[in-house]
Amino acid sequence: MAEGIDTRTDFVQTISYPRKGEDGAVIEIEKFSLWYGSHQALFDNTLNIERGLVTALIGPSGCGKSTLIRSLNRMNDLIDGLRISGTIRFNAENIYNPDVDVIGLRKRMGMVFQKPNPFPMTVADNVAYPLRVDGIRDRRVLDATVVRALKAAALWDEVKDRLNDNALGLSGGQQQRLCIARAIAGEPDVLLMDEPCSALDPLATAKIEDLIYELRGRYTIIIVTHNMQQAARVSDNTAFMYLGTLIEYGDTRTIFTNPKHGRTQDYVTGRFG
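No experiment lies behind these values; they were computed from the predicted model shown. (Residues numbered from 1 in each chain as written. Predicted model: local features only at pLDDT ≥ 70, side-chain atom pairs only at ≥ 80, totals over all residues. Heavy atoms only, no water.)

## Comments concerning the UniProt feature "domain: ABC transporter" (unreviewed entry) in the protein chain
According to UniProt, the positions carrying the feature "domain: ABC transporter" (unreviewed entry) are residues 27–268. Secondary structure content for residues 27–268 is 38% helix and 27% strand, while the C-alpha to C-alpha distance between its ends is 25 Å. (UniProt positions renumbered as here; feature names shortened; annotations may be inferred. Helix = DSSP H or I, 4+ residues; strand = E, 2+ residues; numbered from the N terminus.)

## Re the pattern of salt bridges
Going through the model one piece at a time under the given rule, you end up with 18 salt bridges. Measuring nitrogen to oxygen at the nearest pair gives 3.4 Å for the salt bridge that ties Arg108 to Asp189. Separated by 81 residues along the polypeptide, Arg108 in helix 2 (residues 102–108) and Asp189 in the loop between helix 6 (172–185) and strand 8 (190–194) bring together distant segments of the chain. Among the salt bridges present, the one from Glu187 reaches Arg148, with a minimum N-O distance of 2.7 Å. With Glu187 in the loop between helix 6 and strand 8 and Arg148 in helix 4 (residues 139–152), this pair connects stretches of sequence that are 39 residues apart. Owing to a relative accessible area of 30%, Arg148 belongs among the partly exposed residues under this scheme. Taken together, the shared-partner salt bridges in this structure form one network comprising Arg19, Arg216 and Asp236. (Salt bridge = Lys/Arg side-chain N within 4 Å of Asp/Glu carboxyl O. Buried < 20%, exposed > 50% of the residue type's maximum accessible area, 1.4 Å probe, protein only.)

## As for the state of the cysteines
Enumeration according to the criterion identifies 0 disulfides in this entry. Of the cysteine sulfurs around Cys63, a residue in no disulfide, the closest is that of Cys197, at 18 Å. Take Cys179: it sits in no disulfide, and the sulfur closest to it among the cysteines is that of Cys197, at 12 Å. (Disulfide = S-S within 2.5 Å.)

## What about helix 4?
Helix length check: helix 4 (14 residues) gives 20 Å between terminal C-alpha atoms against 20 Å at 1.5 Å per residue, within 8%. Regarding helix 4, the residues found buried are Leu142, Thr145, Val146, Ala149, Leu150 and Ala152. End-on, the buried residues of helix 4 take up no more than an arc of 155 degrees, which puts them together on one face. Helix 4 presents Arg140 and Lys151 as exposed residues on the side facing more than 90 degrees away from its buried surface. (Expected span 1.5 Å × (residues − 1). Arc of directions from axis to C-beta.)

## Comments concerning the sheet that holds strand 4 (residues 54–58)
Read across the sheet, 7 strands follow the order 1-11-10-4-9-8-7 without closing on themselves; strand pairing throughout is mixed. The open sheet is flanked by strand 1 (14–15) and strand 7 (109–112), the only strands paired with a single partner. Direction of pairing for strand 7 relative to strand 8: parallel, over a ladder of 4 bridges. The residue of strand 8 that forms the bridge with Val112 is Met193. The strands that helix 7 (residues 202–215) touches are strand 4, strand 8 and strand 9 (220–224); relative to strand 9, the one it contacts most, it runs at about 150 degrees. (Pairing = 2+ DSSP bridges. Contact = heavy atoms within 4.5 Å. Axes fitted to C-alpha atoms, helices over the stretch in contact; angles between N-to-C directions.)

## Considering the packing of helix 3 (residues 123–133) against helix 6
Two elements in contact, helix 3 and helix 6, have axes whose closest approach is 7 Å; the angle formed by their N-to-C orientations is 30 degrees. One element, helix 3, and the other, helix 6, form an angle in the roughly parallel class. Handedness of the helix 3/helix 6 crossing: right-handed. Taking contact as the criterion, the partners of Val123, Asn126, Val127, Pro130 and Leu131 in helix 3 are, on helix 6, Leu178, Ala181, Arg182 and Ala185. Its residues assigned to classes, the contact of helix 3 with helix 6 comprises 7 nonpolar, 1 polar and 1 charged. (Parallel < 35°, antiparallel > 145°, perpendicular 65-115°, else oblique. Left-handed = near helix turned anticlockwise from the far one by under 90°. Nonpolar A, V, L, I, M, F, W, Y, C, P; charged D, E, K, R; others polar.)

Below is the structure:
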């Protein structure tokens, strides 16, 4: 099975039985396709993201995982020539409706990127930044938010005496947890994590995975990862993508131990990818 050969004609999307969140789906993706100019990157993808659970997007490089996750908060809008079809509903509202407040949408979906990207300012100012952008200046509110978000990101004990230090002086793993603290400072509904551990060492990766486990339930988390072991450890549901197409989606244990699609079986057993 050679990578790069487009055999989408034999793809049949398999929806297994994903674990259900207590309050149902927070994001509903229906027949969603996306083009960059003449190049089609996503093909007719349909899945529901369950509220309060961790959903992993897995698949080989270039399969559309990051494109899909960046479609959820419309970050792809910044790319010239973008065109879409289908719908993505967040809390039952189509996020691509013309009257949607895109800035407001992004506030409700915190984003954590592959490489830590703290701002060149103090630790405390990094966390308080989303509130300051919203015009909040009350020192008591800002201070309380900094403490709450750093504790939620399992970073407080490590930086409580360094709040006025430049955030760029933190280790890579600490910087990534700081970015998570910044993402949750504004109390989003969803956390989008695009390969959050790819630039980290194993110890820092373990801390981020522990943090994801702790945040589960308080936030709906969607994580893109190439690391299948990581997906198996941290997620409730897993979606396998290949060449821009969702191949199979279901409960993580089922995807890794009893997938229904042969291509999923080949990927999770290491035959390609």
